[in-house]
Number of protein chains: 2
Amino acid sequence: MSVHDAVDMRAMLAELPVGDAAAAAAVTAREAELTKPRGALGRLEELTAWLARWQGRSTPRLERVRVAVFAANHGVAARGVSAYPASVTAQMVANFEAGGAAVCRLAEVAGAELHVHALELDAPTGDVTRADALDAAGFARAVAVGAAAVPAGLDLLAVGEMGIANTTVAAALAAALTGGSGRDWVGRGTGVDDEGLARKAAAVDAALARHADADDPLEALRRLGGRELVAMAAAIVAARHRRVPVLIDGFVASAAALALVRRRADALDHCRLAHLSAETGHRRLAEALGLKPLLALDMRLGEASGAALAIPLVRAALACHLGMATFGEAAVDDRSG
Amino acid sequence: MSVHDAVDMRAMLAELPVGDAAAAAAVTAREAELTKPRGALGRLEELTAWLARWQGRSTPRLERVRVAVFAANHGVAARGVSAYPASVTAQMVANFEAGGAAVCRLAEVAGAELHVHALELDAPTGDVTRADALDAAGFARAVAVGAAAVPAGLDLLAVGEMGIANTTVAAALAAALTGGSGRDWVGRGTGVDDEGLARKAAAVDAALARHADADDPLEALRRLGGRELVAMAAAIVAARHRRVPVLIDGFVASAAALALVRRRADALDHCRLAHLSAETGHRRLAEALGLKPLLALDMRLGEASGAALAIPLVRAALACHLGMATFGEAAVDDRSG
């Protein structure tokens, strides 16, 4: 199935390619020959096998690595759930484009191309406490943006977001998909104060009550998510079809991914969780995803910063795999005797 | 005091430079102006302030970064405590020099120069179960090698080791300095089997009994450590004198560092622990150092691999600090209102 032929999320999820077990096995076999005790590079070895499996290459490559940041606005921002006004979303998109944001520098250090996708910033989604975030057409447009963000030929994709108030909708989506109340799932996001945190929990509770009848994870994503969450989910699925492994960023990206894995248990097999955010609830969300974070550095920025920061780890893993000598080449004894 | 004038460890430890609080404060003040919520880059922000404090520069730099690997052999290797024969130490040193080892690739990815220091490989230290590892002259020679490995002008130093059987002596040193028995401190190292693990614990217990009267951490280091542990400790202290921040590698490097911090509580203030090794006991050892690891990727290779892998994180932190726009430059609203 071509990604361009079908940007319908349900259709894309219905036919997910499986990984290339032979490519992964070839990598694992080579790892055993390299001049180190077996398994001594820990999760780096697993990362290389993961690249092989999902790129479908027994010799993985990282020539073209992309960081994709999806930005959108949210009706619920009017409820005072963020430390920043909604106008900051567009300002930060301009900052991304001008090269002044953290992710610009992190992508540069990672040797990755940065693409920013601003989704109808002038049209915030519906206020989830009293309406659907998106109608079917708006959902489809966001899916199309996400799917189009993954061209053929990428070797790795890092996915993240920017959107004032989006930790609120992410908390609501996570609660809707896994249980719990607003208090269980909200955190301080960009730094909201105690009163704002209480408003945030109340907004999540109101959203949960309003959308209690959403009986499917993708319906929950449409009604409770936002344009950038939908686009991230679509990008993740499109990457699977294009054989591109994905690094998932923090709390908001994880909530979007959760809708996928709740719809289909193997939907995130081509993904790794880049980092554990300091945002309340991300640990629980990571467990719900079944993914163990690669980094845990108390970051809580979003904008794909954690995913971009994990790229050098993947590069390091591949560099070891491709560039180390074997026991035979180096004339190093493999085990005693 | 010049490092070259005094390679006596006690003398070097007696007069430790303090950090540059003004430089660190300048970095922290700039961080607050950058286009992100305050503190949102988590430990990356702390890393930049750490560079500033210990380089003594309000604008830190990472132009010259070195990975130093110290290699040595150990008399206790004859007790069957390792999965590999002692001959592998020299073979791996050749592999480091030929560019075939993991740390070669990791240093390259990190943009760091790799220096390997082989310490009298043909003269293993005394078997710690029945003798001192080093006499005073051997200790002094290893200190000199470590101190000389830190030239003026380095901006960051990553410190690690290679030495068959050195997790055994590291476990013995850790136990001597913090309490506990062989079983509490030994792990599988490069992959020793159950019988080897039992021999390892017994060797540690024998060493603890033999050296129970070592009444000073540096005496414990001389009697229980090895040439590479002594050299790492000396390099760490020399780096302090030369205003070079240090990334400490895994279990063995941490044991060497522990001797310093037990001698003087502020001895490791210029250091960060790069990673948490999969080796049993490293978590407890990290707590004894008072250092929180930057990475935890189930690695257990040594050879400064974890320290080298952390360098890109430090580079990323500095790149954000130096290259991000301020709120004013980017015309992004700082907080609501």
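Look a little higher up for the structure.
Residues numbered from 1 in each chain as written. Chains lettered and ligands numbered in written order. Predicted model: local features only at pLDDT ≥ 70, side-chain atom pairs only at ≥ 80, totals over all residues. Heavy atoms only, no water.

1. Comments concerning the relation of the copies chain A and chain B
Turning to step 1, where the next piece is worked out: When chain A is brought onto chain B, the operation consists of a screw motion whose angular component is 180° and whose axial shift is 0.0 Å, with 0.0 Å RMSD remaining. Read as a symmetry element, the transformation amounts to a two-fold axis.
Turning to step 2, where the next piece is worked out: Here 100% of the interface residues in chain A have copies in chain B that are interface residues too; the copies meet face to matching face. (Least-squares fit on C-alpha atoms with pLDDT ≥ 70 in both. Contact = heavy atoms within 4.5 Å.)

2. Focus: the sheet that holds strand 5 (residues 271-273) of chain B
All names here are of chain B.
Turning to step 1, where the next piece is worked out: Read across the open sheet, the 5 strands follow the order 2-1-3-4-5; overall the sheet is parallel. Whereas interior strands pair on both sides, the edge strands pair on one side only; in this sheet they are strand 2 (113-118) and strand 5. Across the sheet, the mean angle separating the axes of adjacent strands is 25° when strand polarity is ignored.
Turning to step 2, where the next piece is worked out: Across 3 bridges, the pairing between strand 4 (residues 246-248) and strand 5 is parallel. By the bridge assignment for strand 5, Leu247 is matched with Arg272. (Pairing = 2+ DSSP bridges. Helix = DSSP H or I, 4+ residues; strand = E, 2+ residues; numbered from the N terminus. Axes fitted to C-alpha atoms, helices over the stretch in contact; angles between N-to-C directions.)

3. A few points about the nonpolar core
Turning to step 1, where the next piece is worked out: With 111 residues, the main nonpolar core has Val67 and Leu247 of chain A together with Val67 and Leu247 of chain B as its most contacted residues.
Turning to step 2, where the next piece is worked out: Dropping the residues within four chain positions of it, Val67 of chain A is found in contact with Val103, Ala107, Ala112, Glu113, Leu114, His115, Ala158, Ala304, Ala308 and Ile311 of chain A. (Core = buried A, V, L, I, M, F, W, Y, C linked by side-chain atoms within 4.5 Å. Buried < 20%, exposed > 50% of the residue type's maximum accessible area, 1.4 Å probe, protein only.)

4. Regarding the interface of chain A and chain B
Turning to step 1, where the next piece is worked out: The interface is formed by 53 residues belonging to chain A together with 53 residues belonging to chain B.
Turning to step 2, where the next piece is worked out: Surface buried jointly by chain A and chain B totals about 4400 Å² across both partners, of which 64% is contributed by carbon and sulfur atoms.
Turning to step 3, where the next piece is worked out: Joining chain A to chain B, the criterion identifies 2 salt bridges.
Turning to step 4, where the next piece is worked out: For the salt bridge of Lys292 of chain B with Asp298 of chain A, the shortest nitrogen-to-oxygen distance reads 3.6 Å.
Turning to step 5, where the next piece is worked out: At the surface where chain A touches chain B, the tally comes to 18 residue pairs in polar contact (both at pLDDT 80 or more).
Turning to step 6, where the next piece is worked out: At 8 residues, the largest contribution of residues to the side of chain A that touches chain B is made by helix 14 (residues 305-323) of chain A.
Turning to step 7, where the next piece is worked out: Among the residues making up the side of chain A that touches chain B, the classes are represented as 30 nonpolar, 12 polar and 11 charged. (Buried area = accessible area lost by both parts, 1.4 Å probe. Salt bridge = Lys/Arg side-chain N within 4 Å of Asp/Glu carboxyl O. Polar contact = N/O pair within 3.5 Å; in protein donor to acceptor, adjacent residues only side chain to side chain. Nonpolar A, V, L, I, M, F, W, Y, C, P; charged D, E, K, R; others polar.)

5. Brief notes about the sheet that holds strand 1 (residues 65-71) of chain A
Residue and element names in this part refer to chain A.
Turning to step 1, where the next piece is worked out: Spatially, the 5 strands line up as an open sheet ordered 2-1-3-4-5, and their pairing is parallel. The strands lining the two open edges of the sheet, one partner per strand, are strand 2 (113-118) and strand 5 (271-273). Going from strand to strand, the sheet's axes swing by 25° on average, the running direction of each strand aside.
Turning to step 2, where the next piece is worked out: Relative to strand 3 (residues 156-162), strand 1 runs parallel, the two being bridged by 7 bridges. Opposite Ala71, over in strand 3, you have Met162 as the bridge partner.

6. What about the environment of Arg130 of chain B?
All names here are of chain B.
Turning to step 1, where the next piece is worked out: Locating Arg130 in the fold gives a position in the loop between strand 2 and helix 6 (136-148).
Turning to step 2, where the next piece is worked out: Since its relative accessible area comes to 56%, Arg130 is described here as exposed.
Turning to step 3, where the next piece is worked out: Taking the C-alpha atoms as reference points, Arg130 and Ala209, 79 residues apart in sequence, are found 9.3 Å from one another.
Turning to step 4, where the next piece is worked out: Setting aside anything within four residues of it in sequence, one finds Arg130 in contact with Arg79 and Arg210.

7. Focus: the environment of Ala325 of chain B
Turning to step 1, where the next piece is worked out: Among the secondary structure elements, Ala325 of chain B is positioned in the loop between helix 14 (305-323) and helix 15 (327-330).
Turning to step 2, where the next piece is worked out: Separated by 183 residues in sequence, Ala325 of chain B and Ala142 of chain B have C-alpha atoms that sit 46 Å apart.
Turning to step 3, where the next piece is worked out: Apart from residues lying up to four places away in sequence, Ala325 of chain B is in contact with Asn95 and Gly100 of chain A together with Glu33, Leu34, Thr35 and Ala330 of chain B.

8. Here we look at the pattern of salt bridges
Residues and elements named next belong to chain A.
Turning to step 1, where the next piece is worked out: Tallied over the entire structure, the rule returns 44 salt bridges over all chains.
Turning to step 2, where the next piece is worked out: Of the charged contacts in the structure, one is a salt bridge between Asp216 and Arg10, with a shortest N-O distance of 3.5 Å. With a gap of 206 residues between them, Asp216 in the loop between helix 9 (194-210) and helix 10 (217-224) and Arg10 in helix 1 (residues 9-14) connect regions that are remote in the sequence.
Turning to step 3, where the next piece is worked out: By relative accessible area, Asp216 is classed as buried at 16%.
Turning to step 4, where the next piece is worked out: Residue Asp127 is joined to Arg130 by a salt bridge in which the shortest nitrogen-to-oxygen separation is 3.9 Å.
Turning to step 5, where the next piece is worked out: Looking at Asp127, the relative accessible area reads 14%, which means it is buried.
Turning to step 6, where the next piece is worked out: One salt-bridge network, held together by shared partners, links Asp132, Asp213, Glu219, Arg222 and Arg223.

9. Topic: helix 10 of chain A
Residue and element names in this part refer to chain A.
Turning to step 1, where the next piece is worked out: Of all 8 residues in helix 10, 7 are buried, a share of seventy percent or more.
Turning to step 2, where the next piece is worked out: Among all positions in helix 10, only Pro217, Leu218, Ala220, Leu221, Arg222, Arg223 and Leu224 are buried.
Turning to step 3, where the next piece is worked out: Those residues of helix 10 that are buried are in contact with helix 1, helix 6 (136-148), helix 7 (166-178), helix 9, helix 11 (227-241) and helix 12 (251-263).
Turning to step 4, where the next piece is worked out: Taking the backbone nitrogen of Leu218 as reference, a side-chain oxygen 2.8 Å away marks Asp216 as the first, capping residue of helix 10.

10. Digging into the layout of surface pockets
Turning to step 1, where the next piece is worked out: Put simply, the largest pocket is a space of about 760 Å³.
Turning to step 2, where the next piece is worked out: Within the lining of the largest pocket, the residues separate by chemical class into 18 nonpolar, 3 polar and 9 charged. (1 Å grid on protein atoms, 1.4 Å probe; cavity = no way out; pocket = protein on both sides within 12 Å on 5 of 7 lines; lining within 4 Å. Points joined across faces, edges and corners; volume = space filled by probe spheres on them.)

11. Notes on helix 9 (residues 194-210) of chain B
Residues and elements named next belong to chain B.
Turning to step 1, where the next piece is worked out: Over its 17 residues, helix 9 extends 24 Å from the first C-alpha to the last, a length consistent with the 24 Å expected when each residue adds 1.5 Å.
Turning to step 2, where the next piece is worked out: Within helix 9, burial applies to Gly196, Lys200, Ala201, Ala203, Val204, Ala207 and Leu208. For helix 9, the buried positions fall inside an angular range of 160° around the axis, keeping them on one side. Across helix 9 from its buried face, at more than 90 degrees, point the exposed residues Asp194 and Ala209.
Turning to step 3, where the next piece is worked out: Against helix 7 (166-178), helix 8 (182-185) and helix 10 (217-224) lie the buried residues of helix 9. (Expected span 1.5 Å × (residues − 1). Arc of directions from axis to C-beta.)

12. Some points on the pairing of strand 1 (residues 65-71) of chain B
Residues and elements named next belong to chain B.
Turning to step 1, where the next piece is worked out: Of all 7 residues making up strand 1, 7 are buried, and the element is well covered by its neighbours.
Turning to step 2, where the next piece is worked out: The two faces of strand 1 match: Val65, Val67, Val69 and Ala71 on one face and Arg66, Ala68 and Phe70 on the other face are all buried.
Turning to step 3, where the next piece is worked out: Bridge count for strand 1 against strand 2 is 6 bridges, and the pairing is parallel. Bridge assignment links Ala71 to a residue of strand 2, and that residue is Ala118.

13. Some words on the environment of Arg66 of chain A
Residues and elements named next belong to chain A.
Turning to step 1, where the next piece is worked out: Mapped onto the elements, Arg66 comes out in strand 1.
Turning to step 2, where the next piece is worked out: Residues Arg66 and Leu156, spaced 90 residues apart in sequence, show a C-alpha to C-alpha distance of 6.4 Å.
Turning to step 3, where the next piece is worked out: The residues touching Arg66, leaving out its near neighbours within four places in the chain, are Glu113, His115, Ala149, Pro151, Leu154, Leu156, Leu157 and Ala158.

Purely geometric stuff here, so don't read any function into it on its own.
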